[in-house]
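Observations on the model geometry
Chain by chain, the residues:
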Amino acid sequence: MIDFRPTATDEAMLARLHAEALICRRHARAFDEREAEMIPDVLPEAAAFEAEAKANPLPKPGPDDTPPAVMMMLQTMAAYWGDYSVRLRRSTSGGLGNAALMAAGTEAQKAKWGQLLLSMAITEPGCGSDPSRVSTTAVLDEQTNEWILNGEKIFVTTGIRADGVVLWATLDKSAGRAGIKSFLVVKGTPGFDVPHKEKKLGIRADDTAAYVFRDCRIPRENLLGGDESIPKQSSGGFRGVMKTFNMTRPLTAAMGLGIAEAALDATREALTEAGVELDWATGPGGMGRLSAAAERFMRLETLFEASKWTVLQCAWMAGKGLPNNLESSVSKAHAGSAVRQITQGCIEILGAMGISREHLFEKWMRDSRITDIYEGTGEIQRLIIARGLLDYTRDDLK
Ligand SMILES: Cc1cc2nc3c(=O)[nH]c(=O)nc-3n(C[C@H](O)[C@H](O)[C@H](O)COP(=O)(O)OP(=O)(O)OC[C@H]3O[C@@H](n4cnc5c(N)ncnc54)[C@H](O)[C@@H]3O)c2cc1C
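Residues numbered from 1 in each chain as written. Predicted model: local features only at pLDDT ≥ 70, side-chain atom pairs only at ≥ 80, totals over all residues.

What follows is about the overall build of the chain. A count of helical and extended segments in the chain gives 13 helices and seven strands. The C-alpha radius of gyration of the chain comes to 22 Å, within 12% of the 21 Å expected for a compact globule of 398 residues. For the chain, the spread of C-alpha atoms along the principal axes amounts to about 75 × 50 × 45 Å. Here the contacts in the chain between residues at least 6 apart in sequence split such that 75% fall between residues at least 24 apart. (Helix = DSSP H or I, 4+ residues; strand = E, 2+ residues; numbered from the N terminus. Rg over C-alpha atoms; globule rule 2.2 N^0.38 Å. Contact = placed C-beta atoms within 7 Å.)

Printed below as a string of structure tokens:
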């Protein structure tokens, strides 16, 4: 039986994360306004919070508690409920590149680079939704056994803080997807530059960078997975690396839903304070007895709940080792649209209060917009869903 009800142990863990998230939220506006700055790796409140947490340890999760893959989504939502970018203490691992290394690296590569914080650079000025158009090149110098990399990457998450990057480059542009390989490039390698932090609508405090590679030489063994061949009839290593997204897409959805839940909670508080009745138990046809604001709000809550279940189901399948390619796109596509409607809907309900920079509603609207853009836009997720549900091929949908 699938049971997503949190146990007492789960609840204790989530309550601790919410307390931590509230501290992060206190700093959210300041770092949003100082976009060019990097957020400190450790907030001033960290030591006191952690000392108290140590003095009051949480119960250890057991087999009857929510499985780790599902719990990871709930924990992500709880953390992003505080703020998208500000953390009490930043982790030094867990970039998107780390997920790619785990999915496609050899055992030796995982052992060598697993401790580094790794970003992942696919997007280029002329290549986004269709990664097969990557034009950064990797040319093998047989004399020195080195790859020579040339190209430009944009919008790289954790791009400044990362110790290195999993970089997508083509060995042979005429081979299309089959020619694309990923390479591990460590910061400090000559020819690898980080020219600037990107300026953005939302998640402004987040570390997003541009990269430039000019005759950047890396050892031959830095090709992820080690397979240098370019297969004639298949997509080569491309498909393997794309699998990275089957867990990161629901995670991205969970991040956005954390922001949406923050907006809903604060709107509920404001409406209650204004004396608006929010009662789900109004009975059949009951919505008609509610105020327009209450009805609107409750529809947004419904949207949130529906989206959350797609994320939890997808994570549950991943935890069971079931294929979840379709479900991960469903969760991402649904959340991408839901968080936009929810954060915007909250602003509409609240009017001037929603727009004022004295509150965080307008920031939540800007921050949640990214959910529908990176890790594949909503349109691209819908193409994947059409392929999965209706058996369309890539060519049918071109
Ligand atoms: C804050 C931020 C962080 C990011 N982090 C990373 C990162 O860490 N690493 C990385 O490699 N990239 C990253 N990206 C890039 C992101 O993945 C791309 O922006 C995204 O894939 C879309 O690509 P694009 O911007 O080039 O848009 P385009 O591909 O040019 O698309 C433009 C529009 O056309 C639509 N479209 C495109 N193709 C189709 C189609 N076939 N059918 C229907 N509609 C279509 C898209 O949905 C979109 O609405 C990040 C972006 C941002 C904003």
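With 13 residues, helix 13 (residues 378-390) should reach 18 Å at 1.5 Å per residue; the first-to-last C-alpha distance of 18 Å fits that figure. Where helix 13 ends, the next residue or the one after it, Asp391, has phi of about 60°, a positive value. (Expected span 1.5 Å × (residues − 1).)

Splitting the chain by domain gives domain 1 (96-236) and domain 2 (245-390). Taking only C-alpha atoms, the centre of domain 1 and the centre of domain 2 are 32 Å apart. Listed as interface residues are six residues of domain 1 and, on the opposing side, seven residues of domain 2. Residue classes in the side of domain 1 that touches domain 2 are distributed as four nonpolar, two polar and no charged. (Domains from an automatic or database assignment. Nonpolar A, V, L, I, M, F, W, Y, C, P; charged D, E, K, R; others polar.)

Residue placement: Ile180 occurs in strand 5 (residues 180-186). Separated by 48 residues in the primary sequence, Ile180 and Ser132 place their C-alpha atoms 7.2 Å from one another.

A word on the packing of helix 9 (residues 292-319) against helix 10 (residues 325-350). Taken N-terminus to C-terminus, the directions of helix 9 and helix 10 make an angle of 160°; their axes are 9 Å apart at the nearest point. Between helix 9 and helix 10, the crossing angle belongs to the class labelled roughly antiparallel. Handedness of the crossing formed by helix 9 with helix 10: left-handed. For the pair formed by helix 9 and helix 10, the contact residues are Ala293, Arg296, Phe297, Leu300, Leu303, Phe304, Ser307, Thr310, Val311, Gln313, Cys314 and Met317 on the first element and Glu327, Ser328, Val330, Ser331, His334, Ala335, Ala338, Gln341, Ile342, Gly345, Cys346 and Ile349 on the second. When its residues are assigned to classes, the contact of helix 9 with helix 10 shows 14 nonpolar, eight polar and two charged. (Axes fitted to C-alpha atoms, helices over the stretch in contact; angles between N-to-C directions. Parallel < 35°, antiparallel > 145°, perpendicular 65-115°, else oblique. Left-handed = near helix turned anticlockwise from the far one by under 90°.)

Attention now goes to the site of the ligand. Ile122, Gly128, Ser129, Thr157 and Thr377 are the nearest of the 21 residues found near the ligand. Those elements giving two or more residues to the shell around the ligand turn out to be strand 1 (118-121), strand 3 (146-157) and helix 13. Grouping the constituent residues of the shell around the ligand by class yields twelve nonpolar, seven polar and two charged. Here the shell around the ligand spans two domains, and each of domain 1 (96-236) and domain 2 (245-390) adds at least three residues to it. (Near = placed C-beta within 6 Å.)

Note: most peptide bonds trans; most residues except glycine with negative phi. Of note in this structure, Asp215 is not a glycine but carries a positive phi near 45°. Relative to the helices and strands, Asp215 resides in strand 7 (residues 208-219). Although it is not a glycine, Glu375 adopts a positive phi angle of roughly 60°. With respect to the secondary-structure elements, Glu375 resides in the loop between helix 12 (361-368) and helix 13.

The two faces of the sheet receive side chains in turn, since in a regular strand these alternate between them. Burial along strand 1 is two-sided: Leu118 and Met120 facing one way and Ser119 and Ala121 facing the other are all buried. For strand 1 and strand 4 (residues 164-170), the ladder comprises four bridges, and the chain directions are parallel. In the strand pairing of strand 4, Ala121 is matched with Leu167. (Buried ≥ 20, exposed ≤ 12 C-beta atoms within 10 Å, placed from the backbone. Pairing = 2+ DSSP bridges.)

Within strand 4, seven of the seven residues are buried, which leaves it mostly tucked inside the rest of the structure. Here strand 4 shows two buried faces, one formed by Gly164, Val166, Trp168 and Thr170 and the other by Val165, Leu167 and Ala169. Inspection of the sheet shows strand 4 paired to strand 5 by seven bridges, in the antiparallel sense. Bridged to Ala169 within strand 5 is Lys181.

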